[in-house]
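Analysis of the macromolecular model
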Amino acid sequence: MFALDDVKKYYLFRAFNKRLALPVWVVIMLDNGLSVEQVALIAGVSTLIALVLEVPSGAIADSIGHKRALTLALIGMGSGLLCFVGQSFWWFRAGSVLYYGVGSLMTGTHQAWLYERLQELGRAKDYQLVSGRSRSFSSGVSLFAVILAGPLYLWSPAVPFIVSGLIYYTGAFVTTRFTANKRASSVKESEGWWQTVVHFRRGWQTLAEDRVLLWFMLCNALLFGSMLGAIEVQQVILKNVGLAVGLFGFLYALKRLFSATVAPLLHR
């Protein structure tokens, strides 16, 4: 670990920033007697909290440093997954809120750390290449991990979530070995919390001047949002049609296979 450079550590971080338990995330709720409405309530509340925290989480990450923010995010997300071991409505709700709420520190932060680190190494031009390859690597690792989710769940419903929590904790350890970027402290000193508001004005100006960018963002939001929203519904449908839980992971593995194949080419 100590002999690896920061780029290789980033690859490991991306691999450990994955939910092995994703294929059974909703199944465990349904099997513990929750209705589809209760599952939707948990998903809706968690998503709303994550949305509200998106803006301040970015300011917090800049304030405390990207390395520390990533470590806290992984610990919080891992703890959220471990809450599912409680197997009750309130444990599921607490786990989801913790996972998505603290996880908001992750959004954009690891990309910022990587870009700033590459800048300091004189390799800023390699950002898209490293980003694509690291995503491909993490998707390849996740491909095998999600396949295990179903069989582990059949063995014991708590096991996939325990393993997932430990994976996130391992990722947190990896981030503690990251080099703290110098730019993180300069951002904190030069920008401050007020820039959180100023960035909104700059963003609106950019979108007003470039309508192509606006429509691209809207289309991306609709596609990405629909995909995320379908996670809960997808497992409900698969369970209702009688597909064996042990096979759920193979469907998620197909998505990871696509990502692992395409991501290295994105820089082109």
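This structure is a prediction, so every number in the text was calculated from the model and none was measured. (Residues numbered from 1 in each chain as written. Predicted model: local features only at pLDDT ≥ 70, side-chain atom pairs only at ≥ 80, totals over all residues. Heavy atoms only, no water.)

1. Observations concerning the packing of aromatic side chains
As a reminder, the rule being used: Between rings of Phe, Tyr and Trp, where Trp is taken as its six-membered ring, a pair exists when centres lie within 6.5 Å; planes separated by under 30 degrees are stacked, by over 60 edge-to-face, and by other angles tilted. Here a helix means four or more residues in a row that DSSP labels H or I, a strand means two or more in a row labelled E, and each is numbered from the N terminus. Three exposure classes are used, based on accessible area relative to the maximum for each residue type with a 1.4 Å probe and protein chains only: buried under 20%, partly exposed in between, and exposed over 50%. Any Lys NZ or Arg CZ found within 6 Å of a ring centre and within 35 degrees of that ring's normal is scored as a charge over the ring.
This model, assessed by the stated rule, comprises 14 aromatic pairs. With a centroid separation of 4.6 Å and an interplanar angle of 40°, the aromatic rings of Trp25 and Phe84 are classed as tilted. Here Trp25 is found in the loop between helix H1 (6-16) and helix H2 (27-31), whereas its partner Phe84 is found in the loop between helix H4 (66-83) and helix H5 (89-103), with 59 residues between them in sequence. Judged on exposure class, the residue Trp25 and its partner Phe84 are both buried. Grouping aromatic residues by their ring pairs yields a cluster made of Trp25, Phe84, Phe92, Tyr99, Tyr100, Phe161 and Tyr168. It is Arg19 that lies over the ring of Trp25; its NZ or CZ is 4.6 Å from the centre. A cation over an aromatic ring shows up here: Lys255 above the ring of Tyr252, its NZ or CZ 4.7 Å from the ring centre.

2. Quick look at the layout of surface pockets
To keep things clear, this is the line we draw: Put simply, the grid is 1 Å and covers the protein atoms alone, a cavity is a trapped set of points that fit a 1.4 Å probe, a pocket is an open set with protein on both sides within 12 Å along at least five of seven lines, and lining residues have an atom within 4 Å of a point. Grid points are joined across faces, edges and corners, and a volume is the space filled by probe spheres set on the points.
Approximately 2400 Å³ is the volume found for the largest pocket. Taken together, 49 residues line the largest pocket, and the ones lying closest to its centre are Lys18, Arg135, Phe224, Met227 and Leu228. Counting residues per element, the ones that place at least two in the lining of the largest pocket are helix H3 (36-64), H5, helix H6 (109-120), helix H7 (127-155), helix H11 (211-240) and helix H12 (248-262). Looking at the lining of the largest pocket element by element, the count peaks at 11 residues for H11.

3. As for the pattern of salt bridges
Threshold: Every case where a carboxyl oxygen of Asp or Glu lies within 4 Å of a side-chain nitrogen of Lys or Arg is listed as a salt bridge.
Within the structure shown, the criterion is met by 5 salt bridges. With its nearest N and O atoms 3.2 Å apart, the salt bridge here joins Asp5 to Lys8. Relative accessible area serves as the criterion here: at 37%, Asp5 is assigned to the partly exposed category. The salt bridge partner of Lys125 is Asp126, with a shortest N-O separation of 3.5 Å. A relative accessible area of 73% means that Lys125 is categorised as exposed. Ionic contacts of the salt-bridge type, sharing partners, join the residues Asp6, Arg117 and Glu120 into one network.

4. Some thoughts on the nonpolar core
Formally: Side-chain atoms within 4.5 Å link the members of a nonpolar core, which is a set of buried Ala, Val, Leu, Ile, Met, Phe, Trp, Tyr and Cys residues. By definition, residues are in contact when any of their heavy atoms lie within 4.5 Å.
Counting 39 residues, the largest nonpolar core has Phe13, Trp25, Met29 and Phe161 as the members making the most contacts within it. Sorting elements by how many residues they give to this core places H4 first, with 5 residues. Apart from the residues lying within four places of it in its own chain, the contact partners of Met29 are Leu34, Val39, Ile42, Phe84, Phe92 and Ser96. Among the nonpolar cores identified, the runner-up in size contains 5 residues, and Leu22, Leu143, Val146 and Tyr252 belong to it.

5. Observations regarding the packing of H7 against H12
The condition that has to hold: For helices, the fitted axis covers only the stretch in contact; all axes are lines through C-alpha atoms, and the angles between them, taken along N-to-C directions, range from 0 to 180 degrees. When an angle is under 35 degrees it counts as roughly parallel; over 145 it counts as roughly antiparallel; between 65 and 115 it counts as roughly perpendicular; any other value is oblique. For a crossing to be left-handed, the near helix must be turned anticlockwise from the far one by less than a right angle; the clockwise case is right-handed.
One way to put it is that H7 packs onto H12 with a least axis distance of 8 Å and a crossing angle of 170°. The orientation of H7 with respect to H12, classified from their angle, is roughly antiparallel. Relative to H12, H7 is oriented so that their crossing is left-handed. On the side of H7, the interface is formed by Arg135, Ser136, Ser139, Gly140, Ser142, Leu143, Val146 and Ile147, while H12 contributes Gly249, Phe250, Tyr252, Ala253, Arg256, Leu257, Ser259 and Ala260.

6. Re unusual backbone geometry
Phi is positive for Gln87, which is not a glycine, with a value near 50°. Counting through the fold element by element, Gln87 comes out in the loop between H4 and H5. What makes Gln87 partly exposed here is its relative accessible area of 26%.

7. Some points on helix H8 (residues 159-176)
Because the α-helix completes a turn every 3.6 residues, residues three or four places apart line up on one side. We apply this condition: Multiplying 1.5 Å by the helix residue count minus one yields the expected span of that helix.
Between the first and last C-alpha of H8 there are 26 Å, a value that for 18 residues agrees with the 26 Å anticipated at 1.5 Å per step. Inspection of H8 places Val159, Pro160, Phe161, Ser164, Gly165, Ile167, Tyr168, Gly171, Ala172, Val174 and Thr175 among the buried residues, and these make up the whole buried set. Against H1, H2, H4, H5 and H7 lie the buried residues of H8.

8. With respect to the environment of Phe248
Note on placement: Phe248 falls in helix H12. The sequence separation of Phe248 and Val174 amounts to 74 residues, and the corresponding C-alpha distance is 29 Å. With residues up to four places along the chain from it excluded, the contact list for Phe248 reads Pro23, Val27, Gln235, Leu238, Lys239 and Leu243.

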